[in-house]
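One-letter residues, chain by chain:
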Amino acid sequence: MDPRARILQSKITVPTAPERFVRRPRLGRLIAALTARHRIVMVTATAGAGKTTAVVEALQTTTVPVAWLTLESTDSAPGRLLTYLEAAIARERPEVGGAVADALAAGITHVEAAGLLAEALGDAPLTVVVDEVDRITDAPDALAVLAGFARHAAPAARIVLVGRHDLRLDVTDHVAGAVREEDLAFTVEEAGEALAQLGRTDVDPDRAVAVTCGWVTGVLFEAWGAADHVIGTGGEQDPLNGYLALQIMGRLVEPDRDFLIGTAVLDRVTAERAQALGQPAGAERLASLRRAHIPVSWDDGGRAMRCHTRFREYLLECLDRRGDTAAQRRALGLLLTGEGHHEEAVEELLAAEALDDARACAERAIERVMERLDVDVAERWFARLGPHAAAGTGALTTAELMVAVGQEQYARGARIADRLRDLGERERLAAASGRAAATMAWSYFHVGRLDEARAVLRQDTTDPDVAAARYLLGLADAGPSPDPPPRLSGGPLDALVMRVHSVRGHLALLRDTPDSRWAEAVLAPWRISALRATGHTAQAYQLYRSAHDGGSPEGGLHAIVAVEILIDLGRREEALEALRRGREIIARSGSLIFDMQSRIVEAKLHLQLDEDAQAAREILEEVRSRPAFDRYRYVGEMADTWYGLALLRLGENVTARACLERATESMRRADRIMDLPRAAVYLAEAAWRCDDEDRADSAADAALEAADRQGSRHLLLQALTDFPAVASRRIDAEADPSSAWREIGRSLRAQGVAVPAAMETVVELREFGDAAVVIDGDEVHPGLSKSLEVLAYLAAHGGAASRDELLEALFEGRTDPSARAYLRQAAHRLRQALDDRVGPDLVDGRIQLADSVRVSSESVRYEAMLAEAARFSGEERLTCTLQALELAGRGRYLQAVRPSAWTEARREHLDEVTADAAAEAAELAFALGRYDVAGRLADRVLDIDPFREVAWRVRMQIANALGDDDAVMGIYLRCQRSLGEVGAEPSASTRLLRDRLRR
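Our subject in this report is the structure included herewith.

What counts, and where the lines are drawn
Residues numbered from 1 in each chain as written. Predicted model: local features only at pLDDT ≥ 70, side-chain atom pairs only at ≥ 80, totals over all residues. Heavy atoms only, no water. Helix = DSSP H or I, 4+ residues; strand = E, 2+ residues; numbered from the N terminus. Buried < 20%, exposed > 50% of the residue type's maximum accessible area, 1.4 Å probe, protein only. Core = buried A, V, L, I, M, F, W, Y, C linked by side-chain atoms within 4.5 Å. Contact = heavy atoms within 4.5 Å. Axes fitted to C-alpha atoms, helices over the stretch in contact; angles between N-to-C directions. Parallel < 35°, antiparallel > 145°, perpendicular 65-115°, else oblique. Left-handed = near helix turned anticlockwise from the far one by under 90°. Nonpolar A, V, L, I, M, F, W, Y, C, P; charged D, E, K, R; others polar. Pairing = 2+ DSSP bridges. Salt bridge = Lys/Arg side-chain N within 4 Å of Asp/Glu carboxyl O. Polar contact = N/O pair within 3.5 Å; in protein donor to acceptor, adjacent residues only side chain to side chain. Phe/Tyr/Trp six-rings, centres within 6.5 Å; stacked < 30°, edge-to-face > 60°. Lys NZ or Arg CZ within 6 Å of the ring centre and 35° of its normal. Disulfide = S-S within 2.5 Å.

1. Here's the deal with the overall build of the protein chain
- Broken down by element type, the protein chain carries 50 helices and 14 strands.
- Based on the C-alpha atoms only, the size of the protein chain along its principal axes is roughly 110 × 80 × 45 Å.
- Counting every position in the protein chain, which comprises 999 residues, the buried fraction comes to 54%.

This is the structure we're talking about:
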């Protein structure tokens, strides 16, 4: 087997029990009982207490599959821990293999990836054991990975943590079971059996247990009773070390002692590995040690030895006293290098201060570390290797440049490039590595050094990384790029390509997913930006909050992307706070570009939320006065767009038009269309004010064309909200009722935008409880219930539908003369009630309301309110949900109407939506301590759907919180009876809750 694979297999294989050990069924029963009751069980005791053996023995008594992972100190990097955890689980559950890689490639954090790995387990039982967890006690990122896994594990999964100290995992709602020192201690009977196996029938087990307090290693090796034991002999400071020195090491021949100490740096000792450390005759020494009574375990037929953890620590102390630890660690590092375990080798070589060897090894390991997103590991290597990193092939320097641009530390990237220049290495590295050249150019671009950015790039555009950097530099150009947009190569610099796609507004190209995990992580803020630009504001906000809560270091995310999201949501104070935080990060990053963009976004905030055009103007004039402003044309286009709006607000129409003409013309020449819909709408308004109707129309059409190229009209609609007359004028010029501008008019109406001229009639449809139709404040009565259904259908489908659609939906698909006549009569009655100029009218087989009508539908508004509530959390989310539920609380959808198939389906859908919302709100209210609200919501859920167990569980939890234990069981029994009506029974989650609450 490949040595690297063998090392991994040794970490994820369930250890074998010692050749001679005392079976202790009581421990097996204890551990089995704890794992049955608790999702997490901690087995915690000092070294030598028999923790691992006890867990192995307990798991042998169960049929539940076991995934085992033994940790080492180098496993504290979160990406590495996550990779090994997946490998351990995949031995039993092969289908989860690749879940971590897929998650990291999607740009999510290590903790979220751990949660996805846990969710991939599904509901099948599995026990996951993590041994030696004390190795990561001081690694908060690694602990967060374990907590993320535990938090999302299904109820059937069990997690057993084995170590010397308790771990404090931030896992909500878990109650951990514990096996402690006193549980693991030998009883007198167990000690007697153990001593008998060793042939020590002369030792009194009562005294052994009394003196050692049942400590397993103490009993087995009699440290407590050695007649010639003297504390402190040989420098030892505790009884066990003294005993190991005299009774274990002292009884070995000198070659065996030297061999044990000389190989102490190895976790697994074989003859071949010992030879690599300068220990000859390894096979002979192992055979000799096999005959000795020492605290080690054997595998591979006695050809491989592992020292007990405490014994190995003692041997390493002996090695330290010899003073040749560094040499041994260097030898170990070179051995691991030869075995292909480069990352572990780097750590050993760094510990040995063998920096040249460490650098050579790190160059082979760094790419894997970067793809795993273990940035802290990479940063530690850069700091330790220092000038050594500049030598060799340049892989480490390239990696450091990637860390710099990935963390938006552009000044740092420029300093690295300058350091290489001063050493005479910059051009050599740029010529040898397109990736190094691209990352140096990326850094120079951001700090305002465009000439040097171009200088480090070779002209050969066949290199995908160089092509990516040239694509970036094209943002600064005034004209079209000479090169076509690069294709994704599968490498990390795909992140740069897709970031430029986002800035250019080529949003459809962001649907691709880079193969590189690093690329997806670096791309994440710009995916959020694209979601906002396409109208997915709530989703963009949630992703931003996740990044914010995770301590995201990206200034561009906070000071640009987040501020635009928060402006869209109307959250001025949050936007200002994000801007402040982002500016601090940008200042540290050295990005001149982000600083200018953040100023432009600040001006946007003043225009959109404060309506302070003068303040915006002053900010934009400062940006426009900067020397770098004209060198970065795409930044100039952004500034000109908002400057044009500020001038329009201030009545300076001629100047505004000139500014906006410059912006739109530049955008169109360079094919940068992100802000083109907005700039062209503002230009249309400016041209109209300057009495140029033809230019106004052509600018409006240019805005529509750009929006359609983006694949979303969201930004166009936002701009038209500022000047709805632009849409009104284009609608007036359109004869076709199905034209794009009339669709835009309807969309503006649906958003509550008051479009001038024709669009002014409001029809309100009250659908919950007693139905009613209100037009311009007056209630009208169509007379036929089928007329109400027609209006409800039109309201849910944008105000228009084909005759065939209505027959299919409201008349069960009948097309006979009777059904068609009834539909005509229903439409006619509705038109009489509303007004002939409102409609609905039959045009080319379509029944539609007039373009001037805005329908306010309760059910549509209800779903929108719930969607809006989902943007929030905590008390704010509960309040918004309750407001929405109040709207639907007057009764069922069109409850007095004899329903058609469509109406019945719509009614059932809204009932389902209500049950979902009320169930979620009930859980939230309970978590907030509002038991009365939670109870009412749970009852509302059960009125709609008595089989929803979540509502029964909330009721049980409320009863328990109020101290009514009898009610807990009564509610459970009612749930059981209700489910029994359909041949079902309470789920495992409900049964577990019952058992937990009754204890």
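Right, picking up where we left off after that structure.
2. A look at the nonpolar core
- With 176 residues, the main nonpolar core has Phe445 and Tyr632 as its most contacted residues.
- Residues in contact with tyrosine 632, not counting those within four places in the same chain, are Tyr444, Phe445, Gly448, Arg449, Leu450, Ala476, Ile593 and Met596.
- Counting residues in each nonpolar core, the second largest holds 69 residues, with Val780, Ala826, Leu849 and Phe926 among its members.

3. So, the packing of helix H44 (residues 858–869) against helix H45 (residues 874–888)
- Here H44 crosses H45 at 170°, and the two axes come no closer than 8 Å. The orientation of H44 relative to H45 falls into the category roughly antiparallel. Classified by chirality, the crossing of H45 by H44 is left-handed. Residue-level inspection shows Glu858, Arg861, Tyr862, Met865, Leu866 and Ala869 of H44 in contact with H45, the latter providing Arg877, Cys880, Thr881, Gln883, Ala884, Leu885, Leu887 and Ala888.
- Looking at the contact of H44 with H45, its residues break down into 9 nonpolar, 2 polar and 3 charged.

4. Topic: the sheet that holds strand S13 (residues 846–848)
- Strand order in the open sheet made by the 3 strands is S11-S13-S12, with antiparallel pairing throughout. The strands lining the two open edges of the sheet, one partner per strand, are strand S11 (800–802) and strand S12 (841–843). Adjacent strand axes in the sheet meet at a mean angle of 25°, parallel and antiparallel pairs treated alike.
- Across 3 bridges, S12 lies against S13 in antiparallel orientation. Paired with aspartate 841 across the bridge in S13 is glutamine 848.

5. Looking at the pattern of salt bridges
- Applying the stated rule across the entire model yields 78 salt bridges.
- The shortest N-O distance in the salt bridge between glutamate 685 and arginine 729 comes to 3.0 Å. One end of the pair, glutamate 685, is in helix H36 (residues 676–689); the other, arginine 729, is in helix H39 (residues 724–732), and 44 residues separate them in sequence.
- Across the pair glutamate 920 and arginine 877 runs a salt bridge whose closest N-O atoms are separated by 2.7 Å. Placement of the pair is glutamate 920 in helix H46 (residues 901–927) and arginine 877 in helix H45, with a sequence separation of 43 residues.
- For glutamate 920, a relative accessible area of 40% corresponds to the partly exposed category.
- Residue arginine 877 is classed as partly exposed on the basis of its relative accessible area of 22%.

6. Looking at the pairing of strand S9 (residues 772–775)
- A two-sided burial pattern is seen for S9, the buried positions comprising Ala772 and Val774 on one face and Val773 and Ile775 on the other.
- Two strands pair when backbone bridges link them, and S9 and strand S10 (residues 778–780) are joined in this way by 3 bridges, in the antiparallel orientation. Bridge pairing in S10 places valine 773 opposite valine 780.

7. Here we look at the side chain of arginine 672
- Mapped onto the secondary structure, arginine 672 falls in the loop between helix H35 (653–670) and H36.
- A polar contact of 3.3 Å, which involves the side chain of arginine 672, links it to the backbone oxygen of leucine 475.
- If we ignore the near neighbours within four places in the chain, the residues touching arginine 672 are Gly474, Leu475, Asp477, Ala478, Arg504, Arg633, Tyr634, Glu637, Ser666 and Met667.

8. Points about the packing of aromatic side chains
- By the definition in use, this model includes 10 aromatic pairs.
- The structure contains a cluster of three or more aromatic residues connected by ring pairs, namely Tyr410, Trp526 and Phe594.
- Against the face of phenylalanine 811 rests lysine 786, its NZ or CZ located 4.8 Å from the ring centre.
- Looking at arginine 906, its charged tip hangs above the ring of tyrosine 893, at a distance of 5.8 Å from the centre.

9. Describing the sheet that holds strand S4 (residues 157–163)
- Strand order in this open sheet of 5 strands is S2-S3-S4-S1-S5, and the pairing throughout is parallel. The outermost strands of the open sheet, each flanked by one partner alone, are strand S2 (66–70) and strand S5 (177–179). On average, each strand axis in the sheet is inclined to that of its neighbour by 15°, with strand direction left out of account.
- Alignment of strand S3 (residues 126–131) against S4, held across 6 bridges, turns out to be parallel. By the bridge assignment for S4, valine 130 is matched with leucine 161.
- Running over the sheet, helix H2 (residues 25–37) touches strand S1 (40–44), S4 and S5 and is turned about 165° from S5.

10. Points about the state of the cysteines
- Tallying each qualifying case throughout the model produces 0 disulfides.
- Of all cysteine sulfurs in the structure, the one in cysteine 318 sits closest to cysteine 307, which takes part in no disulfide; the separation is 11 Å.

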